[in-house]
Each structure stands twice: as C-alpha cells, then as structure tokens.
Amino acid sequence: MGNLYSYILSKKAKGLKQLAVLIDPDKINYRLIELAEKNGVDHILIGGSIVTESNLTQCILEIKKRCSIPITIFPGSYLQLSDEADALLFLSLISGRNPELLIGNHVMAAQSLRKSKLEIIPTGYILIDGGKSTAVQYISNTMPIPANKPEIAVATAVAGELLGLKLIYLEAGSGALQPVNEHMIKSVRNAIDLPLIVGGGINNSTKVKAALNAGADMIVIGNALEQNENDIVEFAEIVMQMNQKQHIEK
Ligand code: 1GP
C-alpha cells in the first residue's frame, strides 16, 4: 500500500474528513495553491476532461514550488501522465458501459504506469446525474446514474469494492447544478467500507457540510475555487471544525 492511500485510510479510520482541491492545468491559479497550503488542504487533484494548452509536468512543478500538499493526477485521459505527481487515480468509469473507460485505456497506459514512480490508486468512478450534461458525460459517452436511483449507485459501488478497487468516487460532474444528494451519499456510505470521495457542484458551505455529514470521506472542489479562491478558507474551516469535533467526541 502506498503512502497516499495509507494516509487516506488512516484519516478515514479516525473518522476525519479530507478536502481536495481540483486544479485544471489550463486554469491554474497560484494564489489558490498558496491558500490551500496555508489552510491545511489534504490533496491537490490535477486534471481535466480536456487539457489543451498546458504541460502537465510543468504545472505540477510550479505547484510543488508553492506547496507541500500531495498531488494526485485525476486524468481526463491517459495522455495526462507525469512522474512529477505523487499518485494517480486509476479511474474505471464503472457507472458507464464504455469499454474504453472500463479497461481499454487502462491497457494502453499499463506499461507506462508500471514503469512510473506514481502511486497507482484503482478508483471506481461513478457518474451521477447533476441536473445538466457535463463535460465528463459528453467526453465519456456514458449515461449518468439518475439522482433518484440510489440503489443503482449502491450496487455499482459494491461491485467496485468486490472487484478490488480501492476508492469510490461519486461524481456529479464539474459545475453540476445539483451535487450528489445526501440520500445517495448515505446509501453508498452504508454499503461499502472503502473511502468515499464526492465531487461535482459543491460550491458553498451548505453543500460542503451536507456532503461530509452524509458520509463523504473526501470532497473535491474545483469550479467554486476557480471562481473565488478565497472560499477555500471557509471550506477548510468547516472540515477542520468537523475534524476537531470528531477528535473531542472520540
Ligand atoms: C469534477 O468533482 C470535480 O470532476 C469537481 O467538480 O468543479 O463542480 O467543483 P466542481
């Protein structure tokens, strides 16, 4: 088990929540990176459905100059690889029925990944309808699970756990109108032991609290912080307060 996954598991075991900031390499904001470092953000995820202009390695090096937060590649495709990151979410889009995103791309990337120093974390990626069509839906050519069908998300997550995946990521899509709802998060949380990541459309404190209280171990925030990086202070404070409360109750 690699360092990053051990960190995720150990925080989960203590009931502690984690905050991840998603950086699109085409829209990198260095002030956000500095604020993330200052405010105790746990993870930087880097990637995007389409990365056009940037050199991923160069971006990661620039981020590393400004913070010591572990950097995990959240690849829109397996062209998005860099040995400068710490880890890679090896995503299998298990809510979809596109074989390329279940196994095809993984085969193409396998030998490069084996040679790389990256910590590879097999992740069951589950797309949930977030009220509008998102880049990930379009690019992946898959249908999201309807938001009112938690039983499908549960069965999908359980299948992912049984297949030996190490994380489950419930994704409403970047900029989703509705984030993954609390009932869906709770239902999946209760059905699996794996760490649960939730992202997409979490853009204010109420939604941050809702996702964490419903059982997300880690939340991922991208868009909201692209629009106003200062919000990180408030979001990180919520996570810290929940974690302090948990610490006192233990
Ligand atoms: C998208 O879950 C992430 O993959 C983050 O979504 O940009 O809506 O925060 P937002």
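Calculation criteria
Residues numbered from 1 in each chain as written. Predicted model: local features only at pLDDT ≥ 70, side-chain atom pairs only at ≥ 80, totals over all residues. Heavy atoms only, no water. Helix = DSSP H or I, 4+ residues; strand = E, 2+ residues; numbered from the N terminus. Buried < 20%, exposed > 50% of the residue type's maximum accessible area, 1.4 Å probe, protein only. Contact = heavy atoms within 4.5 Å. Areas by Shrake-Rupley, 256 points an atom, 1.4 Å probe, with all protein chains shown as cover. Lys, Arg positive; Asp, Glu negative; His and termini not counted. Charge placed at Lys NZ, Arg CZ, Asp CG, Glu CD. Pairing = 2+ DSSP bridges. Axes fitted to C-alpha atoms, helices over the stretch in contact; angles between N-to-C directions. Right-handed = clockwise from strand over helix to strand, strands pointing away. Salt bridge = Lys/Arg side-chain N within 4 Å of Asp/Glu carboxyl O. Near = heavy atom within 4 Å. Polar contact = N/O pair within 3.5 Å; in protein donor to acceptor, adjacent residues only side chain to side chain. Nonpolar A, V, L, I, M, F, W, Y, C, P; charged D, E, K, R; others polar. Parallel < 35°, antiparallel > 145°, perpendicular 65-115°, else oblique. Left-handed = near helix turned anticlockwise from the far one by under 90°. Patch = residues over 30% accessible without salt bridge, like charges linked within 9 Å, V, L, I, M, F, W, Y side chains within 5 Å.

**Q** I'd love a proper account of the overall build of the chain, names of residues and values included.
**A** When helices and strands are counted, the chain shows 10 helices and eight strands. Overall, the C-alpha framework of the chain stretches about 45 × 45 × 35 Å when taken along its three principal axes. Classification of the 250 residues of the chain by burial places 52% in the buried group. Contacts in the chain between residues far apart in sequence, at least 24 positions, make up 69% of those at least 6 positions apart. Accessible area for the chain stands at about 11800 Å²; split by element, carbon and sulfur atoms hold 53% of it. Charge separation in the chain, taken as the distance between the mean sites of 23 positive and 25 negative side-chain charges, equals 4 Å.

**Q** I'd like to hear about the sheet that holds strand 3 (residues 71-73), residue by residue, with values.
**A** Spatially, the eight strands close up into a barrel ordered 1-2-3-4-5-6-7-8, and their pairing is parallel. When strand polarity is set aside, the average angle formed by the axes of neighbouring strands in this sheet is 30°. Sheet strands touched by helix 7 (residues 182-191): strand 6 (167-171) and strand 7 (196-199). Its angle to strand 7, the strand with the most contacts, is close to 165°.

**Q** Give a detailed account of the pairing of strand 8 (residues 218-221), specifying residues and quantitative values.
**A** Here strand 8 shows no split at all, with Met218 and Val220 on one side and Ile219 and Ile221 on the other all buried. Relative to strand 8, strand 1 (residues 18-23) runs parallel, the two being bridged by four bridges. Note that in strand 8 the partner of Leu19 across the bridge is Ile219. Of the pairings in the sheet, the one linking strand 7 to strand 8 comprises three bridges and is parallel in character. Within the sheet, the bridge partner assigned to Val198 lies in strand 8 and is Ile219. Taken together, strand 7, helix 8 (residues 205-214) and strand 8 constitute a β-α-β crossover, and its handedness is right-handed.

**Q** How would you summarise the pattern of salt bridges if you had to cite specific residues and measurements?
**A** For the structure on display, the rule yields nine salt bridges. Asp24 is the salt-bridge partner of Lys27, the closest N and O atoms lying 3.9 Å from each other. One salt bridge connects Asp217 with Arg189, and the closest N-O pair in it is separated by 2.5 Å. Of the two residues, Asp217 is situated in the loop between helix 8 and strand 8 and Arg189 in helix 7; the sequence distance between them amounts to 28 residues. Connected through salt bridges with shared partners, the residues Glu34, Glu62, Lys65 and Arg66 form a single ionic network.

**Q** Can you break down the site of the ligand residue by residue, with the values?
**A** What surrounds the ligand is a group of 14 residues, the closest being Glu171, Ser174, Gly175, Gly201 and Gly222. Taking Glu171, its side chain carries an N or O atom lying 2.4 Å from an oxygen atom of the ligand. Here an oxygen atom of the ligand sits 2.6 Å away from a polar atom, N or O, in the side chain of Ser174. Burial of the ligand by the protein chains amounts to 96% of its free accessible area of 310 Å². Residues belonging to the shell around the ligand are distributed by class as follows: five nonpolar, eight polar and one charged.

**Q** Outline the packing of helix 2 (residues 30-38) against helix 3 (residues 56-66), supporting the account with residue identities and numerical values.
**A** Axis separation between helix 2 and helix 3 bottoms out at 9 Å; the angle between their running directions is 45°. Between helix 2 and helix 3, the crossing angle belongs to the class labelled oblique. Crossing of helix 2 against helix 3: the hand is right-handed. Contact with helix 2, carried on its side by Tyr30, Ile33, Glu34 and Glu37, involves Glu62, Ile63 and Arg66 of helix 3 and no other residues of that element. Across the contact of helix 2 with helix 3, the residue classes tally to three nonpolar, no polar and four charged.

**Q** Account for a nonpolar patch on the surface, naming residues and giving values.
**A** Taken together, the side chains of Ile50, Tyr138 and Ile139 make up a nonpolar region of the molecular surface, amounting to roughly 370 Å² of accessible area. Within the secondary structure, Ile139 sits in helix 5 (residues 135-140). According to the relative accessible area criterion, Ile139 is partly exposed, its value standing at 41%.

**Q** Which residues make up the side chain of Thr156, and what values do they have?
**A** Residue placement: Thr156 occurs in helix 6 (residues 150-162). Given the relative accessible area of 12%, Thr156 is considered buried. With sequence-adjacent residues up to four places away left out, Thr156 is seen in contact with Ile94, Ser95, Ile126 and Ile145.

**Q** Break down the environment of Pro75 for me, citing the residues and quoting the values.
**A** With respect to the helices and strands, the residue Pro75 is situated in the loop between strand 3 and strand 4 (87-93). Measuring from C-alpha to C-alpha, the distance between Pro75 and Ser49 comes to 7.6 Å, with 26 residues separating the pair along the chain. When residues no more than four places from it in sequence are discounted, the contact partners of Pro75 are Gln80, Leu88, Leu89 and Leu91.

What is shown is where atoms sit, not what they do.
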